Amino acid sequence: MISFLWTPNGRRAAAFIALLGGCGVMTVLASIGVYIVKGNATYSFYLALAAHAQIMLGLTAFTALFVKRSIKAGKDGIEITDAN
C-alpha cells in the first residue's frame with residue numbers, strides 16, 4: 001500500500017487535515033463554553049477573546065502551511081528562499 005505521507009505534498013495535505021480538524025474542534029468547544037457562561041458578561045467576553053486568539057493562531061498556522069519558504073542561517077549569514 002502506498003502512503004501519501006512519504007511525499008512532501010502528502011505530508012502537507014495531512015497537516016492541512018489536522019489543522020482543519022483541530023480548528024473545527026476548538027471552535028465548537030469555544031462556542032459551547034460561551035453558551036455555558038452566557039449569563040455572565042465578563043466570563044463570556046474573556047472566553048470569546050480567547051476564542052479569537054485561537055482563530056488567529058489557526059489562521060497563522062494555515063498561512064505558514066501554504067508558504068513554501070526555507071530559512072537557513074550559517075557563518076555566511078541568513079539565506080531565505082521561496083519555492084513556487
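Thresholds applied
Residues numbered from 1 in each chain as written. Predicted model: local features only at pLDDT ≥ 70, side-chain atom pairs only at ≥ 80, totals over all residues. Heavy atoms only, no water. Helix = DSSP H or I, 4+ residues; strand = E, 2+ residues; numbered from the N terminus. Buried < 20%, exposed > 50% of the residue type's maximum accessible area, 1.4 Å probe, protein only. Contact = heavy atoms within 4.5 Å. Areas by Shrake-Rupley, 256 points an atom, 1.4 Å probe, with all protein chains shown as cover. Pairing = 2+ DSSP bridges. Axes fitted to C-alpha atoms, helices over the stretch in contact; angles between N-to-C directions. Parallel < 35°, antiparallel > 145°, perpendicular 65-115°, else oblique. Nonpolar A, V, L, I, M, F, W, Y, C, P; charged D, E, K, R; others polar.

(A) Quick look at the overall build of the chain. Helix and strand counts for the chain stand at two helices and two strands. From first element to last, N terminus to C terminus, the chain shows the α and β order α-α-β-β. If one aligns the C-alpha atoms of the chain with their principal axes, the spans along those axes are about 55 × 45 × 20 Å. Counting the 84 residues in the chain, one finds 10% classified as buried. Restricting the contact set of the chain to residue pairs at least 6 apart, pairs at least 24 apart contribute 33%. Carbon together with sulfur atoms contributes 70% to the accessible area of the chain, which is approximately 7000 Å² in total.

(B) Geometry of the pairing of strand β2 (residues 77-82). Of all the six residues making up β2, zero are buried; the element is thus mostly uncovered. Pairing between strand β1 (residues 69-74) and β2: six bridges, direction antiparallel. What sits directly across from glycine 74, in β2, is glycine 77.

(C) Broad picture of the environment of leucine 59. Residue position: leucine 59 is located in helix α2 (residues 41-66). Exposure remark for leucine 59: the relative accessible area of 53% places this residue in the exposed category. Residues leucine 59 and cysteine 23 lie 36 residues apart in sequence; the distance between their C-alpha atoms is 9.1 Å.

(D) Here's a closer look at the packing of helix α1 (residues 8-36) against α2. Two elements in contact, α1 and α2, have axes separated by 10 Å at closest approach and are oriented at 170°. For the element pair α1 / α2, the angle class is roughly antiparallel. Contacts from Arg12, Ala15, Phe16, Leu19, Leu20, Cys23, Met26, Ala30, Gly33 and Val34 of α1 reach α2 at Ser44, Leu47, Ala48, Ala51, Gln54, Gly58, Ala61, Phe62, Leu65 and Phe66. For the contact of α1 with α2, the residue count by class is 15 nonpolar, four polar and one charged.

(E) Focus on the pairing of β1. With zero of its six residues buried, β1 lies for the most part at the surface. Linking β1 to β2, which pair antiparallel, is a turn of two residues.

(F) Quick look at the side chain of serine 44. Relative to the helices and strands, serine 44 is located in helix α2. You can call serine 44 buried: its relative accessible area is 17%. In this view, serine 44 contacts Val34 and Val37; residues no more than four positions away in its chain are not counted.

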